[in-house]
Amino acid sequence: MSPRPIRVAGVVLVAATVPMFMGVGLALVAGPVGGPHRSVFVAARLLYVVGSAFALLSLPALYARQHERIGLAGMIAFALVFIGFLAAEVFPGAVQAFLLPWVYDKGTCALGCHLLDTSDGPPLMGGFFLVANLLTFLGLIIFGVLSARAAVLPSAAGYLLAVAGLLALIVTYAPVDLPIAVAQIPQALALLSVGWMGVSLATAREPLLAR
């Protein structure tokens, strides 16, 4: 990947975090799909999905920028993050935005409200998300640490990404139900880290291909 596409990818990555942050924020006040704020529920998911689409387009630049320094382990970690993010975040967001309101109207809350609930949904679907989330969080931790040690992108951003992955692991598999505001903290930290890395890509002055 040549320097110019990497810089463009950095700009796109930063821009992608804006609607994603907005989606995370709206999700705090949206409530369930059957609640009084359905339009907010749908808007939150749509904003996140749109931002995620642009993020997926530009995320490979984070690996390309430092691929020679993070090696095979970095490639595997990035693959876990990329595939896991697509499976555990983008797909559910699209389903929640487009399918859940329709299912709720046409069926019952027993069918619609818990369609993607890992503890009270289709057994295979629940297992799928449990595995996808686990692989994603491990990928975030490993990719973050390797990026921080490579020091091609800001080291602090790499460590922040690793912390986000660790917190997400703890929050997701905690044996207690946490407030939604607490559960969203790892996601917000991950977005902040990725946006920070995107700024680094977009504004870097030195040659952008890692040696």
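See the structure above.
Residues numbered from 1 in each chain as written. Predicted model: local features only at pLDDT ≥ 70, side-chain atom pairs only at ≥ 80, totals over all residues. Heavy atoms only, no water.

With respect to the overall build of the protein chain
Secondary structure summary: the protein chain contains nine helices and zero strands in total. Counted from the first residue to the last, the protein chain has its helices and strands arranged as α-α-α-α-α-α-α-α-α. A total of 211 residues make up the protein chain; the buried ones form 43% of that total. Here the contacts in the protein chain between residues at least 6 apart in sequence split such that 73% fall between residues at least 24 apart. With the model as given, the accessible surface of the protein chain reaches about 10600 Å², and the carbon-plus-sulfur share is 74%. (Helix = DSSP H or I, 4+ residues; strand = E, 2+ residues; numbered from the N terminus. Buried < 20%, exposed > 50% of the residue type's maximum accessible area, 1.4 Å probe, protein only. Contact = heavy atoms within 4.5 Å. Areas by Shrake-Rupley, 256 points an atom, 1.4 Å probe, with all protein chains shown as cover.)

Description of unusual backbone geometry
Within the chain, Ala151 stands out as a residue other than glycine whose phi angle is a positive 60°. When you line up the elements, Ala151 lands in the loop between helix H6 (123-150) and helix H7 (155-172).

Quick word on the side chain of Gln184
Secondary-structure assignment places Gln184 in the loop between helix H8 (180-183) and helix H9 (185-203). With near-sequence residues (within four places) excluded, Gln184 lies in contact with Val24, Ala27 and Leu28.

As for the packing of helix H3 (residues 60-98) against H9
Across the interface, H3 lies against H9 with an axial gap of 15 Å and an inter-helix angle of 140°. With respect to H9, the axis of H3 lies oblique. H9 is crossed by H3, and the crossing has left-handed handedness. From H3, Ala61, Leu62, Arg65 and Glu89 reach across to H9, where they touch Gln187, Met197 and Leu201. (Axes fitted to C-alpha atoms, helices over the stretch in contact; angles between N-to-C directions. Parallel < 35°, antiparallel > 145°, perpendicular 65-115°, else oblique. Left-handed = near helix turned anticlockwise from the far one by under 90°.)

Some words on the side chain of Ser52
The residue Ser52 is located in helix H2 (residues 38-58) in this model. Here Tyr48 takes part through its backbone oxygen, which lies 2.6 Å from a polar atom of the side chain of Ser52. Those residues within four positions of Ser52 in sequence are excluded, and the remaining contacts are Met20, Phe85 and Val90. (Polar contact = N/O pair within 3.5 Å; in protein donor to acceptor, adjacent residues only side chain to side chain.)

Focus on the packing of aromatic side chains
Counted under the stated rule, the structure contains five aromatic pairs. Residues Tyr63 and Phe78 carry aromatic rings whose centres are separated by 6.0 Å and whose planes lie at 25° to one another, so their mutual orientation is stacked. With 5.8 Å between their ring centres and 50° between their planes, Phe78 and Phe143 make a pair best called tilted. Note that Phe78 is positioned in helix H3 and Phe143 in helix H6, a separation of 65 residues in sequence. Using a relative accessible area of 3% as the deciding quantity, one classes Phe143 as buried. Put simply, the rings of Tyr63, Phe78, Phe82 and Phe143 touch in pairs and so form one group of aromatic residues. (Phe/Tyr/Trp six-rings, centres within 6.5 Å; stacked < 30°, edge-to-face > 60°.)

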